[in-house]
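Structure at a glance
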Amino acid sequence: MSNENMAELLFPDVQQLPADIYSQYPPRNLSSSAFVTRFAPSPTGSLNIGGLYAALISERLAHQSNGVFFLRIEDTDKKREIEGSMENIINALSYAGIDFDEGPLLSGDEKGAYGPYKQSSRIQIYKVFIKHLVRNGLAYPCFCDADDLQKIRISQQNLKATTGYYGEWAKHRDISFDQAKEEIKNAKPFVIRLKSPDSSDMRITYHDLVKGSIEFPENDQDIVIMKMDGLPTYHFAHAIDDHLMGTTHVIRGDEWLSSVPIHLQLFEILGFRTPEYGHIAPIMKQVGSSKRKFSKRKDLDGTAEFYKEQGYPGIAISEYFMNLINSGFEEWRMANPNKSFKDFSISTNKMNASGALFDMDKLNDISKDVISRLQGKQVFDDLCAWTKEFDPEFYTVIGKNEEYTVNILNIGRTTEKPRKDYSKWSDVKPMIAFFYDDLFKVDIQSGYTLPANVSVEAAKEIVRGFSKTYRFNNEKDAWFQEIKELAGKLGYAKDMKQYKASPDNYKGHVGDVAMVIRVALTNRTNTPDLFDIMKIMGEKRVLSRMQRFLGESI
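First, a word on what this report is: a plain description of the structure on this page. (Residues numbered from 1 in each chain as written. Predicted model: local features only at pLDDT ≥ 70, side-chain atom pairs only at ≥ 80, totals over all residues. Heavy atoms only, no water.)

Notes on the nonpolar core
Test applied: By nonpolar core we mean a set of buried residues, namely Ala, Val, Leu, Ile, Met, Phe, Trp, Tyr and Cys, connected to one another through side-chain atoms within 4.5 Å. Here the term buried applies to any residue with accessible area under 20% of the maximum for its type, exposed to any over 50%, and partly exposed to those in between, with areas from a 1.4 Å probe on protein chains only. When checking whether two residues touch, look at their non-hydrogen atoms; a contact exists if any pair is within 4.5 Å.
Judged by nonpolar contacts, the single largest core of 56 residues is most densely connected at Ile432, Phe435, Tyr436 and Phe466. In this structure, Ile432 is in contact with Phe394, Ile408, Leu409 and Tyr422, ignoring residues within four places of it in sequence. Counting 51 residues, the second-largest nonpolar core is a separate cluster that includes Val134, Ala139, Ile269 and Leu270.

Focus on the pattern of salt bridges
Note the cut-off: Salt bridges are identified by distance alone: a Lys or Arg side-chain nitrogen within 4 Å of an Asp or Glu carboxyl oxygen. Strands here mean DSSP runs of E at least two residues long; helices mean DSSP runs of H or I at least four residues long; both are numbered from the N terminus.
Under the counting rule described, the total for this entry stands at 33 salt bridges. Between Asp241 and Arg122 there is a salt bridge, with the nearest N and O atoms lying 2.7 Å from each other. Highlighted residues: Asp241 in helix 8 (residues 234-244) and Arg122 in the loop between strand 4 (110-111) and helix 5 (123-135), separated in sequence by 119 residues. With a relative accessible area of 1%, Arg122 lands in the buried category. Between Asp299 and Arg292 there is a salt bridge, with its nearest N and O atoms 2.7 Å apart. The class for Asp299 is buried, based on a relative accessible area of 4%. Here the salt bridges do not stand alone but share partners, grouping Arg38, Arg72, Glu74, Arg122, Asp241 and Asp242 into one network.

Observations concerning the sheet that holds strand 9 (residues 224-226)
Where we set the bar: Only when DSSP finds a minimum of two bridges between them are two strands counted as paired. To get an axis, fit a line to the C-alpha atoms, keeping to the stretch in contact for a helix; angles then go from 0 to 180 degrees between the N-to-C directions.
In spatial order, the strands read 5-6-9; together these three strands make up an open sheet with antiparallel pairing. Looking along the sheet, the strands with just one partner apiece sit at the ends: strand 5 (139-142) and strand 9. Going from strand to strand, the sheet's axes swing by 45 degrees on average, the running direction of each strand aside.

Re the packing of helix 22 (residues 510-522) against helix 23 (residues 530-537)
This is how the line gets drawn: For any helix crossing, the convention is left-handed if the near helix is rotated counterclockwise from the far helix by under a right angle, and right-handed if that rotation is clockwise. Amino acids outside the nonpolar list (Ala, Val, Leu, Ile, Met, Phe, Trp, Tyr, Cys, Pro) and the charged list (Asp, Glu, Lys, Arg) are all regarded as polar, and Gly is one of them.
Packing of helix 22 against helix 23 leaves a shortest axis separation of 11 Å and a crossing angle of 35 degrees. Considering the relative orientation of helix 22 and helix 23, their crossing is left-handed. Taking contact as the criterion, the partners of Ala514, Ile517, Arg518, Leu521 and Thr522 in helix 22 are, on helix 23, Leu530, Ile533, Met534 and Met537. Here the contact of helix 22 with helix 23 is composed, by residue class, of seven nonpolar, one polar and one charged.

Some thoughts on the side chain of Thr527
The line we're drawing: Throughout this description, a polar contact denotes any pair of N or O atoms lying within 3.5 Å of each other; where both atoms belong to protein, one of them has to be capable of donating a hydrogen while the other can accept it, and for residues adjacent in sequence the pair is counted only when both atoms sit in side chains.
As for its placement among the helices and strands, Thr527 is situated in the loop between helix 22 and helix 23. Thr527 gets classed as buried once you look at its relative accessible area, which sits at 11%. One polar contact links Thr527 to Arg518, side chain to side chain, over a distance of 2.5 Å. Once you skip the residues sitting within four places of it in the chain, Thr527 turns out to touch Arg419, Phe434, Arg518, Thr522 and Ile533.

As for the packing of aromatic side chains
The test is simple: Stacked, edge-to-face and tilted labels apply to pairs of Phe, Tyr and Trp rings (six-membered ring for Trp) whose centres lie within 6.5 Å, assigned for plane angles under 30 degrees, over 60, and everything in between, in that order. Whether a charge lies above a ring is judged from NZ of Lys or CZ of Arg, which has to be within 6 Å of the ring centre and within 35 degrees of the ring normal.
Throughout the structure, instances matching the rule amount to 28 aromatic pairs. Seen from their ring centres, Tyr234 and Trp256 are 4.4 Å apart, and the 35 degrees between their planes marks the pair as tilted. With a gap of 22 residues between them, Tyr234 in helix 8 and Trp256 in the loop between strand 10 (249-253) and helix 9 (260-270) connect regions that are remote in the sequence. For Trp256, a relative accessible area of 28% gives the class partly exposed. Each ring, one from Trp386 and one from Phe390, has its centre 5.6 Å from the other, and the planes form 35 degrees; the classification is tilted. Of this pair, Trp386 and Phe390 both sit in helix 14 (residues 376-390), four residues apart, which is roughly one turn of that helix. Following the ring pairs from residue to residue traces out a cluster consisting of Tyr53, Phe294, Phe306, Tyr307, Tyr312, Tyr320, Phe321 and Phe358. The ring of Phe100 carries Lys111 above its face, with NZ or CZ at 5.0 Å from the centroid. Positioned above the aromatic ring of Phe472, the side-chain terminus of Lys535 is 4.3 Å from the ring centre.

This is how it looks when you write it as structure tokens:
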């Protein structure tokens with residue numbers, strides 16, 4: 001009866017029982033092999049790549065098993081919350097192609113029948129279960145302030161005892177109803193602590209989905225489950241939520257590994273089935289000769305937002321992560337170049353238990369592969385979406401010239417082995433800006449970049465000669481034959497073999513002639529196929545640029 005009185009004293013406004021809550025969260029109608037997973041970040045800033053990595057694993061495990069993946073925002077630590085973080089998280093998941101079935105939406109609404117999906121909206125639910133624990137003598141109020149806890153710590157240190165609030169050191173563990181009533185009457189702040197039934201002398205064996213079998217000492221600490229502000233701690237809230245939402249598997253960073261004894265104890269005391277946990281090592285960053293974890297504070301390249309701003313397609317980030325998740329993905333991708341990465345089934349027992357190094361070169365290669373597999377119109381649409389947000393000036397340029405831009409982006413894309421020019425959308429503008437007259441005029445204000453072995457006058461002679469014989473409708477062979485004939489007429493070897501045999505007899509070779517024409521049209525020495533460029537530019541633009549070259553002072 002005293003426990004019942006204590007529960008009413010502490011939570012007089014909580015009238016519901018756990019059974020009332022259970023009725024709102026029926027078991028999910030899924031097969032026994034289906035996984036229910038979640039991504040449950042705190043809204044404390046931009047989503048880091050480690051979080052994105054864990055979210056992808058969770059999403060894949062759920063969806064490849066025909067299960068459910070949901071997003072839950074763990075926002076009970078209001079001091080650390082940063083405005084706009086939840087929106088950043090949702091946008092980052094969308095960017096990487098990680099689709100959640102349930103959770104909060106940017107509109108402010110939610111989807112799914114197991115919400116609310118923000119912990120700050122679930123406070124009353126937690127209090128129902130906290131009151132239930134107090135009623136059953138499994139939790140109690142603790143009125144210790146910071147000074148009290150410090151005195152306990154000093155005494156423990158002097159005795160070389162394990163520090164913490166447990167056993168004989170838990171001064172309010174057996175607090176009476178009358179004592180608690182008096183403290184509350186005096187407006188003394190309190191927390192609610194779990195009454196741990198275990199001893200650190202005992203050990204538990206736990207099987208981790210990623211790391212295998214691990215042994216821990218049991219938890220003997222009377223952990224806080226409700227803070228002085230009435231909000232639950234992470235430990236308690238996640239246990240309630242994962243049970244009610246039907247979570248079967250949890251993938252999270254291995255910094256949480258030390259909390260496993262607490263979490264197993266919580267699920268046992270609450271009478272809940274424990275989800276299976278998989279703890280993944282952090283993604284590492286190379287700094288000089290050493291490796292370290294990415295830091296939100298130090299590393300701009302440690303957030304999903306950074307890669308979006310740089311213009312990496314989100315799918316490229318996910319493809320790269322798939323390589324880190326299971327080493328067999330790379331071989332699978334080579335055998336299935338046109339399939340979605342989501343067709344590859346991942347396995348937790350094949351994951352690397354140690355921290356993988358984030359390899360920018362590998363990401364760039366994968367991103368080039370991803371972009372090379374897209375059709376020109378898809379490249380245009382994705383480029384438009386990125387430039388609209390991050391390069392509005394170029395967005396206006398390509399938006400006015402959609403058909404022209406799609407044709408540009410299609411160069412070398414329709415072959416069996418498409419070109420791999422772009423690793424990110426920010427690469428595109430520097431590579432194709434010369435196609436647009438206004439941007440080209442700006443580019444040549446400081447002059448043309450001719451090959452070192454060709455003088456200005458020789459270059460003008462080449463361009464002048466080519467402009468007289470140029471025929472837009474010529475096929476490629478005929479077009480190149482014209483260049484060869486021009487080369488011979490101007491004293492250049494018609495092919496490299498001829499030039500190499502007697503270089504002193506020629507001004508250069510046909511490649512030099514083609515290079516000058518390339519520079520006149522693009523002010524670049526390295527471009528896609530020159531014939532394709534001229535076909536897309538059109539006869540009028542080609543002739544205009546040759547005339548401009550001949551009239552410019554270099």
